[in-house]
Amino acid sequence: ILGSSLNLIFHKNKIEKFSENLNLSVIAVNLNRIFPDNKIDYRVVSHPQRIQMDYTFYKIFNNKFIIPFNKINPKILNYLKKQRIDTFNYALKTHKSKKLSVFKNCCYLPNYLVLGYALSFAISRNAKKIYLAGFDGFDKDNFNNDESAIILEMFKKTYKNIKIISITPTKFNIKNKKLN
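Residues numbered from 1 in each chain as written. Predicted model: local features only at pLDDT ≥ 70, side-chain atom pairs only at ≥ 80, totals over all residues. Heavy atoms only, no water.

### Regarding the side chain of R43
Relative to the helices and strands, R43 resides in strand 2 (residues 42-44). Under the relative-accessibility criterion, R43 is labelled buried at 0%. Within polar-contact distance, the side chain of R43 engages the side chain of D37 at 3.1 Å. Those residues in contact with R43 that lie beyond four places of it in its chain are A28, N30, L31, N32, F35, D37, F61, N63, K64, F65 and I66. (Helix = DSSP H or I, 4+ residues; strand = E, 2+ residues; numbered from the N terminus. Buried < 20%, exposed > 50% of the residue type's maximum accessible area, 1.4 Å probe, protein only. Polar contact = N/O pair within 3.5 Å; in protein donor to acceptor, adjacent residues only side chain to side chain. Contact = heavy atoms within 4.5 Å.)

Take a look at the structure:
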């Protein structure tokens, strides 16, 4: 799963080689333009406001987009049906439940973060190892760090048999594998 950190530029060649050597499916979040279309299998977008802001840009990519149709304005959905779009729906759960669930065609998550949606999509496709790149993390007092860290911890606890490994430097509490 390719995040949106600009540090991806420094690791681009190593990430491409790593992905090709292991024959991995590559998922990019949102409008990642660091990697060319032919290096990406899927692009995932999940936040309804982000989709509303970005949907007209989707036509510049030749990848398949994974989008939660159940969270999209019907006018945007009509526009997107002309694109290469597959649905993977989700519903929000409250933080109090401390649970998340992933099924073949949908997931239940505590927030709209694209990281959780991308992890859910990978798990729905039976991934046993998920490599993250470009998810650097945030300073400890940054709200985004809390939300991302929470979702990562929830996935690690709920799906203990699935390994989540960062292949680029990260501040998150996940295994880190240095690329050669």
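### Quick notes on the pattern of salt bridges
Enumeration according to the criterion identifies five salt bridges in this entry. Residue D37 is joined to R43 by a salt bridge in which the shortest nitrogen-to-oxygen separation is 3.1 Å. Across the pair D86 and K64 runs a salt bridge whose closest N-O atoms are separated by 3.3 Å. A residue pair is termed long-range when its members are at least 10 positions apart, and D86 in strand 4 (residues 85-87) and K64 in strand 3 (residues 64-67) qualify at 22 residues. (Salt bridge = Lys/Arg side-chain N within 4 Å of Asp/Glu carboxyl O.)

### Describing a nonpolar patch on the surface
On the surface, L6, I9 and F10 cluster together into a nonpolar patch covering about 380 Å² of accessible area. You can see I9 is positioned in helix 1 (residues 8-22). (Patch = residues over 30% accessible without salt bridge, like charges linked within 9 Å, V, L, I, M, F, W, Y side chains within 5 Å. Areas by Shrake-Rupley, 256 points an atom, 1.4 Å probe, with all protein chains shown as cover.)

### Topic: the packing of aromatic side chains
Throughout the structure, instances matching the rule amount to 10 aromatic pairs. Both rings, one in Y42 and one in F121, keep their centres 5.1 Å apart while their planes meet at 70°; by these two values the pair is edge-to-face. Separated by 79 residues along the polypeptide, Y42 in strand 2 and F121 in helix 4 (residues 114-124) bring together distant segments of the chain. Assessed through its relative accessible area of 2%, F121 is described here as buried. Measuring from centroid to centroid gives 6.0 Å for F103 and Y108, while their planes differ by 85°, and the two rings are edge-to-face. Each member of the aromatic cluster is reached from another via a ring pair, and the members are Y42, F88, Y90, Y112, Y117 and F121. Above the face of the Y90 ring, K71 is positioned so that its terminal group lies 5.5 Å from the ring centre. (Phe/Tyr/Trp six-rings, centres within 6.5 Å; stacked < 30°, edge-to-face > 60°. Lys NZ or Arg CZ within 6 Å of the ring centre and 35° of its normal.)

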